[in-house]
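Survey of secondary and tertiary structure
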Amino acid sequence: MTDVKQPNSPRAQENEFEQMLEFMVAQIGQRFENGVLKQLNQSTVEKFADAQTGNYARVTMRLANQVRRKIRRQFNNERIEAMVADILRKTDARAQQQLYRQVENAIGISTKALMVKEGMKPAINALILETVEWVKKLREESLEAFTTNTLHAMTTGSSLEDVMQQFKGVVEKRKNHAKFLAHNQIQNFNSVTSKLRVQKLGITKAIWDTADDDRVRPSHADRDGKEFDLSEGLYSSMDGKHLIPGVDYNCRCTARYIIPEDEV
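Rules used in this analysis
- Residues numbered from 1 in each chain as written.
- Predicted model: local features only at pLDDT ≥ 70, side-chain atom pairs only at ≥ 80, totals over all residues.
- Heavy atoms only, no water.
- Helix = DSSP H or I, 4+ residues; strand = E, 2+ residues; numbered from the N terminus.
- Expected span 1.5 Å × (residues − 1).
- Polar contact = N/O pair within 3.5 Å; in protein donor to acceptor, adjacent residues only side chain to side chain.
- Axes fitted to C-alpha atoms, helices over the stretch in contact; angles between N-to-C directions.
- Parallel < 35°, antiparallel > 145°, perpendicular 65-115°, else oblique.
- Left-handed = near helix turned anticlockwise from the far one by under 90°.
- Contact = heavy atoms within 4.5 Å.
- Buried < 20%, exposed > 50% of the residue type's maximum accessible area, 1.4 Å probe, protein only.
- Pairing = 2+ DSSP bridges.
- Core = buried A, V, L, I, M, F, W, Y, C linked by side-chain atoms within 4.5 Å.
- Phe/Tyr/Trp six-rings, centres within 6.5 Å; stacked < 30°, edge-to-face > 60°.
- Lys NZ or Arg CZ within 6 Å of the ring centre and 35° of its normal.
- Disulfide = S-S within 2.5 Å.
- Salt bridge = Lys/Arg side-chain N within 4 Å of Asp/Glu carboxyl O.

**So, helix α4 (residues 77–107)**
- In a regular helix each residue adds 1.5 Å, so 31 residues correspond to 45 Å; α4 covers 43 Å between its end C-alpha atoms and thus fits that length.
- Taking the backbone nitrogen of E78 as reference, a side-chain oxygen 3.1 Å away marks N76 as the first, capping residue of α4.
- Within two residues after α4, G108 carries a phi angle of roughly 85°, on the positive side.

Next up, the structure:
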C-alpha cells in the first residue's frame, strides 16, 4: 500500500497567529484599563457596594462602550480579514508544496501540473472567512468578559484595587484562550485543506495516526491505525462522532492518505 502523509501544521504560522491574537487581546485589555478602570473616581468607587443608589454601572457601561468603539476601529473587520488571509494563505502554500511533493514522488505527476488544476480557491476563501468570524468573536467576547467581570466585582463590594487585580487575571485568561484559538484554527485549516486536496486527486481513503503519547484522548486512541473514508470521517463509539484527524479541538492527530493501486 502506498500512502502520503498529511502535511504538518506549520509552527511558524501558528506562532504568527498566536502573536496576532494575543496582541489584539492585550490591546483590548490596555484600552479597557485606561479608558474604564482608570477613569473611575473615588466618589464612584464608594458606590460599588450599593447597587440601589450607585450609578457606577451606568458610568462603567458608558466608558466601556467608548472603548468598544475604539477597538472596533483599531481591529476593524477588514483589518482582521486581511491579517487572517495573509497567515492562512502562507499556511496553505506550505502545505500544498509538501503534499504535492509526496504525490509527485509516489506517482510521478508533476507538482506544477497538480497546482494548475486543483481548483481550491473557493474552499480556501470559505475557510478564511470562517476563521475571520472566530477572530471577530474573540474580539467581542473579550470586551464582554472585561465588562461583565468588572461590573460583577463592583457589585460584590470589591475595592478598586481588587477590581484591577481581578481584571488582570481575566486578561491573562483571554490571552491563553487566544493562543488556543490560533493553534486550533491553523490545525483545522491544515487538516481540511489537505483532505479536500487529496480528494480532488481521487484519493478516498486514509488511515488515522495519533501523536502516540499520554496526551492522546481515549476516543482518538480508539481510532489509531484504522482506515476510513475521507468523505465520512472515522466514527468512534467513545465520543459518538465521525471525525477526520486535526479538526477536533486541540487535536494533534494526522492522516495517511492511501493512493489507489491503479495510480501507483
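**Here's the deal with the packing of helix α1 (residues 11–35) against α4**
- Orientation of α1 relative to α4, taken along the N-to-C sense of each, is 165°, at an axis distance of 10 Å. On the basis of their axis angle, the class for α1 and α4 is roughly antiparallel. The two elements α1 and α4 cross, and the hand of that crossing is left-handed. Contact residues: α1 offers Q13, E16, F17, M20, F23 and M24, while α4 offers R79, I80, M83, V84, D86, I87, K90, T91 and R94.

**Comments concerning unusual backbone geometry**
- Its identity as a non-glycine residue notwithstanding, D212 has a phi of 60°, on the positive side.
- Its location among the elements puts D212 in the loop between β2 (205–209) and α8 (218–221).
- Accessibility expressed as a relative area gives 66% for D212, which makes it exposed.
- Phi is positive for N250, close to 55°, though the residue is something other than glycine.

**Digging into the pairing of β2**
- With four of five residues buried, β2 is to be regarded as a mostly interior element.
- Taken together, the three bridges between β2 and strand β3 (residues 227–229) define a ladder with antiparallel strand orientation. Bridge assignment links K205 to a residue of β3, and that residue is D229.
- Note that β2 and strand β6 (residues 254–259) share five bridges and pair antiparallel. By the bridge assignment, D209 is partnered in β6 with T254.

**Observations regarding the sheet that holds β3**
- Spatial strand order, β1-β6-β2-β3: four strands in an open sheet with antiparallel pairing. The two strands at the open ends of the sheet, each matched to only one other strand, are β1 (2–5) and β3. Averaged over all pairs of adjacent strands, the angle between strand axes in this sheet comes to 35°, irrespective of strand direction.
- On top of the sheet, α4 reaches β1 and β6; it is set at about 165° to β1, its chief contact.

**A short note on the nonpolar core**
- Within the largest apolar cluster, 45 residues are counted, with the highest numbers of intra-cluster contacts made by F17, L21, L37, V84, V135 and F146.
- The element that contributes the greatest number of residues to this core is helix α6 (residues 121–155), accounting for 12 residues.
- Residues contacting L37, with those up to four places away along its chain left out, are F32, T150, L160, V163, M164 and F167.
- The next biggest cluster of nonpolar side chains, apart from the first, holds 19 residues, and it includes A206, F228, L243 and C253.

**Let's talk about the packing of aromatic side chains**
- Per the stated rule, a full pass over the model turns up five aromatic pairs.
- Seen from their ring centres, F146 and F167 are 5.2 Å apart, and the 65° between their planes marks the pair as edge-to-face. Here F167 lies in helix α7 (residues 160–200) and F146 lies in helix α6, a separation of 21 residues in the sequence. F167 matches F146 in its accessibility class, with the two residues each being buried.
- A connected cluster of aromatic rings, assembled from ring pairs, spans F32, F146 and F167.
- Cation over ring: R217 sits above Y249, and NZ or CZ is 4.5 Å from the ring centre.
- Directly above the aromatic system of W208 lies the positively charged group of R223, at a separation of 5.3 Å from the ring centroid.

**Describing the side chain of T91**
- Counting through the fold element by element, T91 comes out in helix α4.
- Of the residues examined, T91 reaches a relative accessible area of 1% and is grouped as buried.

**Description of the state of the cysteines**
- Tallied over the full model, the rule gives zero disulfides.
- Here C251 is not disulfide-linked; the sulfur of C253 is the nearest cysteine sulfur, at 3.7 Å.
- For C251, a relative accessible area of 2% puts it in the buried group.

**Concerning the pattern of salt bridges**
- This structure, assessed with the given rule, holds 25 salt bridges.
- One salt bridge connects R256 with D3, and the closest N-O pair in it is separated by 3.4 Å. A residue pair is termed long-range when its members are at least 10 positions apart, and R256 in strand β6 and D3 in strand β1 qualify at 253 residues.
- Assessed through its relative accessible area of 21%, R256 is described here as partly exposed.
- Given the relative accessible area of 25%, D3 is considered partly exposed.
- Put simply, E118 and R197 hold a salt bridge, and the shortest N to O gap is 2.7 Å. Linking E118 in the loop between α5 (111–117) and α6 with R197 in helix α7, this pair joins segments that are 79 residues apart in sequence.
- For R197, a relative accessible area of 1% gives the class buried.
- Ionic contacts of the salt-bridge type, sharing partners, join the residues R68, R72, R139, E140 and E144 into one network.

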